[in-house]
Amino acid sequence: MRAVIQKVSQATVRVCHEDGRLETVGQIGHGLTVLLGVANTDTEQDARYLADKIAGLRIFEDDEGKLNQSVQAVCGAILLVSQFTLYGDARNGRRPSYAQAARPEAAQVLYQSVAQWLADKGISVATGRHPVKTDSLLLFERPKSPSELRLTEFAHVCRQLY
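Because the structure is a prediction, the values reported are computed rather than measured. (Residues numbered from 1 in each chain as written. Predicted model: local features only at pLDDT ≥ 70, side-chain atom pairs only at ≥ 80, totals over all residues. Heavy atoms only, no water.)

## Details of the overall build of the chain
In plain terms, the rule: What counts as a helix is a DSSP run of H or I of at least four residues, what counts as a strand is a run of E of at least two, and both are numbered from the N terminus. Throughout, exposure labels follow a simple rule: accessible area from a 1.4 Å probe, protein chains only, divided by the maximum for the residue type, with under 20% read as buried, over 50% as exposed, and the rest as partly exposed. Throughout, a residue-residue contact means that at least one pair of heavy atoms, one from each residue, lies within 4.5 Å. We get accessible surface area from the Shrake-Rupley algorithm with a probe of 1.4 Å; when it comes to residues, only the shown protein chains can shield them.
Each helix and strand in the chain was counted, giving 2 helices and 9 strands. Helices and strands in the chain line up, N terminus first, as β-β-β-α-β-β-β-α-β-β-β. Residue burial in the chain is summarised as follows: out of 162 residues, 40% are buried. A separation threshold of at least 6 residues defines the contact pool for the chain, and within that pool the share at least 24 residues apart is 67%. A total accessible area of about 9,200 Å² is found for the chain, and carbon and sulfur atoms account for 48% of it.

Structure, rendered in structure tokens:
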């Protein structure tokens, strides 16, 4: 499994319907957006390990400004988004190969396992729909340095097609 984890002040994932309508299917405030890629060799054990790692990752500031708090400790939420493109391999040619990515049916099972294990830890988890075309809007929190403790945000729109 591969995950891209980003602190956000808010995040939304929307489904793009065939008629062009956008429907919000997942939305969070302060917390993490996790883009999750599942490999064809991943197991339930890998899913549990990654869920534990995400839940305990200490990347939020404590009262002293140190990155010492987990998403659980700050009562944050997680937006979990399936992202098979994390297994794109473009080392040969110009068209990425996704041969290492799990088939959609197998990926769905492990994706749901990660979401459930995070929820079992008491974390509010929002998800997209898997596998469908989605839009994601993320307001990132930029990493803070000791000399810069103010929050800055910017919007980034990414598209996904599974």
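Still more to cover.
## Observations regarding helix H2 (residues 104-120)
As a reminder, the rule being used: One less than the residue count of a helix, multiplied by 1.5 Å, gives the span that helix is expected to have.
Across its 17 residues, H2 extends 24 Å between first and last C-alpha, which sits within 8% of the 24 Å expected from 1.5 Å per residue. Of the residues making up H2, those classed as buried are Pro 104, Ala 107, Leu 110, Tyr 111, Ser 113, Val 114, Ala 115, Trp 117 and Leu 118. In this fold, the buried residues of H2 make contact with strand E3 (31-37), helix H1 (44-56), strand E6 (77-82) and strand E7 (124-127). Once H2 finishes, Gly 122 follows within two positions and takes phi at roughly 90 degrees, a positive value.

## As for unusual backbone geometry
Of note in the backbone geometry, Cys 75 takes a positive phi value of approximately 55 degrees without being a glycine. Of note, Cys 75 is situated in the loop between strand E5 (67-69) and E6. Owing to a relative accessible area of 71%, Cys 75 belongs among the exposed residues under this scheme.

## A short note on the nonpolar core
The tendency in soluble globular proteins is for nonpolar side chains to be buried as a group. Rules: We call a set of buried Ala, Val, Leu, Ile, Met, Phe, Trp, Tyr and Cys residues a nonpolar core when their side-chain atoms join them within 4.5 Å.
With 23 residues, the main nonpolar core has Met 1, Leu 36, Ile 78, Val 114 and Leu 118 as its most contacted residues. When contributions to this core are tallied by element, the ones reaching two or more residues are E3, H1, E6 and H2. Take this core: its biggest share by element is 7 residues, from H2. Those residues within four positions of Met 1 in sequence are excluded, and the remaining contacts are Leu 36, Gly 37, Val 38, Asp 42, Asp 46, Ala 47, Leu 50, Tyr 87, Leu 110 and Val 114.

## As for the packing of H1 against H2
When two helices pack together, their arrangement is captured by the angle between the axes and the distance separating the axes. Cut-off, in case you're wondering: Only the stretch in contact is used when fitting a helix axis, every axis being a line fitted to C-alpha atoms; angles between N-to-C directions are given from 0 to 180 degrees. What sets the label is the angle itself: under 35 degrees gives roughly parallel, over 145 gives roughly antiparallel, 65 to 115 gives roughly perpendicular, and the rest give oblique. What makes a crossing left-handed is the near helix being turned counterclockwise from the far one by less than a right angle; a clockwise turn instead makes it right-handed. Asp, Glu, Lys and Arg are counted as charged, while Ala, Val, Leu, Ile, Met, Phe, Trp, Tyr, Cys and Pro are counted as nonpolar; the rest, among them Gly, fall into the polar class.
Where H1 contacts H2, the two axes come as close as 9 Å, and the packing angle between them is 40 degrees. As judged from the angle between their axes, H1 and H2 are oblique. Seen from above, H1 lies across H2 with right-handed handedness. Between H1, through Glu 44, Ala 47, Arg 48, Ala 51, Ile 54 and Ala 55, and H2, the contact on the second element is made entirely by Val 109, Leu 110, Ser 113, Val 114, Trp 117 and Leu 118. Residue classes in the contact of H1 with H2 are distributed as 9 nonpolar, 1 polar and 2 charged.

## Quick notes on the pattern of salt bridges
Here is the rule: Each salt bridge in this description consists of a side-chain nitrogen of Lys or Arg and a carboxyl oxygen of Asp or Glu lying within 4 Å of one another.
Within this structure, the stated rule accounts for 3 salt bridges. A salt bridge links Arg 21 to Asp 19; the shortest N-O distance between them is 2.9 Å. Relative accessible area serves as the criterion here: at 48%, Arg 21 is assigned to the partly exposed category. Look at Asp 19 and you get exposed, because its relative accessible area is 54%. Between Asp 89 and Arg 91 there is a salt bridge, with the nearest N and O atoms lying 2.7 Å from each other. Under the relative-accessibility criterion, Asp 89 is labelled partly exposed at 23%.

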